[in-house]
Amino acid sequence: HFSPQPIWVDGSGLSRYNLAAPSQNVQLLREIYFRFGERRVFNLMAVGGRRGTIKSLYTDQATPYVYAKTGTLGSIYNLSGYLITHSGRRLAFSMMSNHFTAPTSKARLETQKVIKQISQW
């Protein structure tokens with residue numbers, strides 16, 4: 001059964017008991033973007049190639065194009081935020097990788113590959 005609302009058990013957002021689908025994260029990101037504006041929202045995010053948890057990722061372009069937050073637990077890697085494509089489109093995205101057996105760095109790199117490919121649009 002898919003709930004249209006996320007289930008929050010604790011405020012940290014890192015509990016295994018919190019239940020949110022990527023589509024719910026994207027809906028929330030879109031609402032935040034339109035309510036508060038790009039400049040304010042992007043200033044709250046880690047920036048690919050510049051700052052935060054994705055500073056060492058997304059360094060292939062001179063101008064930042066990924067503004068996102070990460071969430072990591074054992075066998076879980078999530079990245080949700082905003083992507084600016086080559087054509088200038090602003091996209092909200094949420095990628096969740098759960099129950100993998102490889103190191104987290106592998107999930108992070110696979111996520112990066114997908115995001116880079118989408119950025120080419």
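Residues numbered from 1 in each chain as written. Predicted model: local features only at pLDDT ≥ 70, side-chain atom pairs only at ≥ 80, totals over all residues. Heavy atoms only, no water.

### Some words on unusual backbone geometry
Test applied: Helix and strand assignments follow DSSP, with helices taken as H or I runs no shorter than four residues and strands as E runs no shorter than two, numbered in order from the N terminus.
Even without glycine at this site, Y58 takes up a positive phi of about 55 degrees. Within the secondary structure layout, Y58 lies in the loop between β1 (46-47) and β2 (66-73).

### Here's the deal with the sheet that holds strand β3 (residues 76-84)
Our working rule: By this definition, two strands are paired if DSSP reports at least two bridges between them. Residues are treated as being in contact if the distance between any of their heavy atoms lies within 4.5 Å. Axes here mean lines fitted to C-alpha atoms, for a helix over just the part in contact, with angles spanning 0 to 180 degrees between N-to-C directions.
Within the open sheet, the four strands sit side by side as β1-β2-β3-β4. Their pairing is antiparallel. Sheet topology places β1 and β4 (90-98) at the edges, where each strand pairs with a single neighbour. Of the pairings in the sheet, the one linking β2 to β3 comprises eight bridges and is antiparallel in character. Considered in β3, the bridge of G71 is made with N78. Contacts from helix α1 (residues 22-36) reach β3 and β4 within the one sheet, and its direction differs from that of β4 by about 150 degrees. Contacts from helix α3 (residues 104-119) reach β2, β3 and β4 within the one sheet, and its direction differs from that of β3 by about 20 degrees.

### Focus on the nonpolar core
What counts, and what does not: Within this scheme, the nonpolar core is defined by two criteria: the residues are buried Ala, Val, Leu, Ile, Met, Phe, Trp, Tyr or Cys, and they are joined through side-chain atoms within 4.5 Å. The buried label goes to any residue with under 20% of its type's maximum accessible area, the exposed label to any with over 50%, and the partly exposed label to all in between, with areas taken from a 1.4 Å probe on protein chains only.
Ranked by internal contacts, the top residues of the largest apolar core, which has 24 residues, are I54, Y58, V66 and L79. Residue assignment for this core shows that the elements contributing at least two residues are α1, α2 (38-44), β1, β2, β3, β4 and α3. Of the residues forming this core, the biggest block, five residues, is contributed by β3.

### Looking at the layout of surface pockets
Defined as follows: Throughout, the protein atoms alone are placed on a 1 Å grid, and a set of points is a cavity if a 1.4 Å probe fits but cannot get out or a pocket if it is open with protein on both sides within 12 Å along at least five of seven lines; lining residues have an atom within 4 Å of a point. Grid points are joined across faces, edges and corners, and a volume is the space filled by probe spheres set on the points. Ten residue types, Ala, Val, Leu, Ile, Met, Phe, Trp, Tyr, Cys and Pro, are classed as nonpolar, four, Asp, Glu, Lys and Arg, as charged, and the remainder, Gly among them, as polar.
Size it by volume and the second largest pocket reaches roughly 150 Å³. Lining of the second largest pocket is provided by ten residues; of these, Q5, P6, Q24, Q27 and L28 occupy positions nearest its centre. Partitioning the lining of the second largest pocket into residue classes produces five nonpolar, four polar and one charged.

### Concerning the packing of aromatic side chains
The test is simple: Think of it this way: a Phe, Tyr or Trp ring, Trp meaning its six-membered ring, pairs with another when their centres are within 6.5 Å, and the plane angle makes it stacked under 30 degrees, edge-to-face over 60, tilted otherwise.
Scanning all chains against the criterion turns up six aromatic pairs. Ring centres of Y33 and Y82 lie 5.6 Å apart, and the angle between their planes is 40 degrees; this geometry places the pair in the tilted category. With Y33 in helix α1 and Y82 in strand β3, the pair connects residues that are 49 residues apart, well separated along the chain. A ring pair is formed by F42 and Y82, whose centres lie 5.5 Å apart and whose planes are at 40 degrees; its orientation type is tilted. One end of the pair, F42, is in helix α2; the other, Y82, is in strand β3, and 40 residues separate them in sequence.

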